[in-house]
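# Tertiary structure, described
Given next are the chains, with one letter for each unit.
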Amino acid sequence: MNTMKGGRVVLLVLLCWNVANFAVIAAGPQTCPANLEGQCGDSEEWKGEFFPGIPKIKYEGPNSKNHLAFKWYNAEEVILGKKMKDWMRFSVAFWHTFRGTGGDPFGGPTKFWPWEDGTNSVAMAKRRMRANFEFLDKIGVDYWCFHDRDIAPEGSTLKESNAYLDEVVALAKELQGSKIKPLWGTAQLFVQPRYMHGAATSSELGVYAYAAAQVKKAMDVTNYLGGENYVFWGGREGYQTLLNTDMERELNHLASFFHSAVAYKKKIGFNGTLLIEPKPQEPTKHQYDWDAATAANFLRKYGLLGEFKLNIECNHATLSGHSCHHELETARINGLLGNIDANTGDPQVGWDTDQFLTDISEATMVMLSVIRNGGLAPGGFNFDAKLRRESTDVEDIFIAHIGGMDTLARGLRSAAKLVEDGALTELVRKRYESFDSDIGKKIEAGEADFVFLEKKALEWGEPKVPSAKQELAEMLFQSAL
Ligand code: XUL
Ligand code: CO
């Protein structure tokens, strides 16, 4: 309780912190790749190595002591009938991995990657894109995720911004080759001051139109790059106080915006899944897509079920007072589990810390949901996670991703053990077996009315209530880790 309260107080401070994470901070020493030979200013055509000395990351098994190797993630290994890489469909988040600066509300950037020259130019954006693709190749990940404004700078007009984006996207397309694609693309509708009241839920008509234009373009480029999904995270689609907010009107606007997105997707022949990413708050005090259940009800109310799925982020789940497992199961049982933003929060702080997942127990619960869902495709696991402020070596970028991939791979192995063993499934089946009777079946088919049930209750007398066997369930779970 105290932690939650503390978290809320800190939340105000974090409004600017969150922006800092997405904003381009050009402070800090100017740097550039060692072998660039002084051509830093306009050097996007540089084709050198960004991560010299770091090899392609290979699987070496659990006994390896090499921190630049996988111990649990073996891409080609088949688990429960599917290759690990097909269960996982890992993706690198461009905004954290290539735009994260380590800045927080109390201090500026701490990360000065050798390829950064301190500018927000198109040339720098292109060089950074080359670094992204070298990283993807070396870490062995086939998907990446981006916001429009992470990968290319915002211009002084929408037209100019679109032209910058086109230029960088053309390079990304070339670098992708035939193997790599975006897992999803999205529009950044929260950093620029015009979005201070929201984008689709802004009180200003011009902002709604601008956001629509930005999403239209972001959908175009996601489609052009072969993206498999498109995400809507409504960072500022919410409110600070209901005293100045017409919540019903804002929600109606949000629904209109989504209906237009569906229509545009069909118009351009984009086959990717549209995903809503719930988050309860931060930067707004209350975000409309609070959690999976809220988002599902929104989709149902506005006739959008069937057009959208959900992108569940583990740290957002815990911010909303749920576990990641709860949010995944809520999405799954509603047929809405589309993608996972793989990260974790810190149990001692109340905000979005976006850490790489390292908890095997949590990863196992996540993977149980993924297995029950039959996988995530066309979604996957996007590492919406960042290095700690204090981690500043280039190799830390690799170590963090290797750690996250290995944790989820370990989760998959443990979850598969649980599924194959069957004891936990059997415990749950037994718990509900009274409903397997004829009368139970009648109830589940909606055919048992209260009069009939009263008759049965009178006939049966006091029911015998069995144990839930929670500790046994926990013991079975632990034994698979
Ligand atoms: C913010 C967050 C975003 C979305 C994409 O908490 O998770 O990065 O994933 O806009
Ligand atoms: Co996210």
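So, here is what we can say about the structure in this document. (Residues numbered from 1 in each chain as written. Chains lettered and ligands numbered in written order. Predicted model: local features only at pLDDT ≥ 70, side-chain atom pairs only at ≥ 80, totals over all residues. Heavy atoms only, no water.)

## Quick word on the overall build of the protein
Counting its regular elements, the protein contains 17 helices and 14 strands. A globule of 481 residues ought to have a C-alpha radius of gyration of about 23 Å, and the protein, at 24 Å, matches this closely. The principal-axis extent of the C-alpha atoms belonging to the protein is close to 90 × 60 × 45 Å. Expressed as a percentage of contacts within the protein between residues at least 6 apart in sequence, the contacts between residues at least 24 apart total 77%. Carbon and sulfur atoms make up 55% of the accessible area of the protein, which totals about 22,000 Å². Charge-centre separation for the protein: the mean point of 53 positive side chains lies 3 Å from the mean point of 63 negative side chains. (Helix = DSSP H or I, 4+ residues; strand = E, 2+ residues; numbered from the N terminus. Rg over C-alpha atoms; globule rule 2.2 N^0.38 Å. Contact = heavy atoms within 4.5 Å. Areas by Shrake-Rupley, 256 points an atom, 1.4 Å probe, with all protein chains shown as cover. Lys, Arg positive; Asp, Glu negative; His and termini not counted. Charge placed at Lys NZ, Arg CZ, Asp CG, Glu CD.)

## Let's talk about the coordination of the cobalt ion (ligand 2)
At the metal site, the cobalt ion (ligand 2) is ligated by Glu277 (OE), Glu313 (OE), Asp341 (OD) and Asp384 (OD), and these contacts range over 1.9 to 2.1 Å. Residue classification places aspartate 341 among the buried positions, given a relative accessible area of 0%. (Donors = N, O, S within 2.8 Å, 3.2 Å for Na, K, Ca; no water. Buried < 20%, exposed > 50% of the residue type's maximum accessible area, 1.4 Å probe, protein only.)

## Regarding unusual backbone geometry
Of the consecutive residues glutamate 282 and proline 283, the connecting peptide bond is found in the cis state with omega at 15°. Inspection of the secondary structure assignment puts proline 283 in the loop between strand 10 (273-276) and strand 11 (286-287). A cis amide bond, omega 5°, links alanine 377 with the succeeding residue proline 378. Inspection of the secondary structure assignment puts proline 378 in the loop between helix 12 (360-372) and strand 14 (381-383). Backbone geometry at leucine 80 places phi at a positive 45°, although glycine is not the residue there. Structurally, leucine 80 is set in the loop between strand 3 (78-79) and strand 4 (82-83).

## Overview of the packing of helix 7 (residues 205-224) against helix 8 (residues 247-268)
Packing of helix 7 against helix 8 brings their axes to within 11 Å, and their N-to-C directions diverge by 30°. The element helix 7 and its partner helix 8 pack so that their crossing is right-handed. Between helix 7 and helix 8, the contacting residues are Tyr208, Ala211, Ala212, Val215, Lys216, Met219, Asp220 and Asn223 on the first element and His253, Ser256, Phe257, Ala261, Tyr264, Lys265 and Ile268 on the second. A breakdown of the residues in the contact of helix 7 with helix 8 according to their chemical character gives nine nonpolar, three polar and three charged. (Axes fitted to C-alpha atoms, helices over the stretch in contact; angles between N-to-C directions. Left-handed = near helix turned anticlockwise from the far one by under 90°. Nonpolar A, V, L, I, M, F, W, Y, C, P; charged D, E, K, R; others polar.)

## Section: the nonpolar core
Among the nonpolar cores identified, the biggest contains 115 residues, and Met88, Trp115, Trp144, Phe381 and Leu408 are the most heavily contacted of them. If you tally residues by element for this core, the top one is helix 13 (residues 394-421), at 12 residues. If you look at the next biggest cluster of nonpolar residues, it comprises eight residues, including Trp95, Cys145, Trp184 and Leu275. (Core = buried A, V, L, I, M, F, W, Y, C linked by side-chain atoms within 4.5 Å.)

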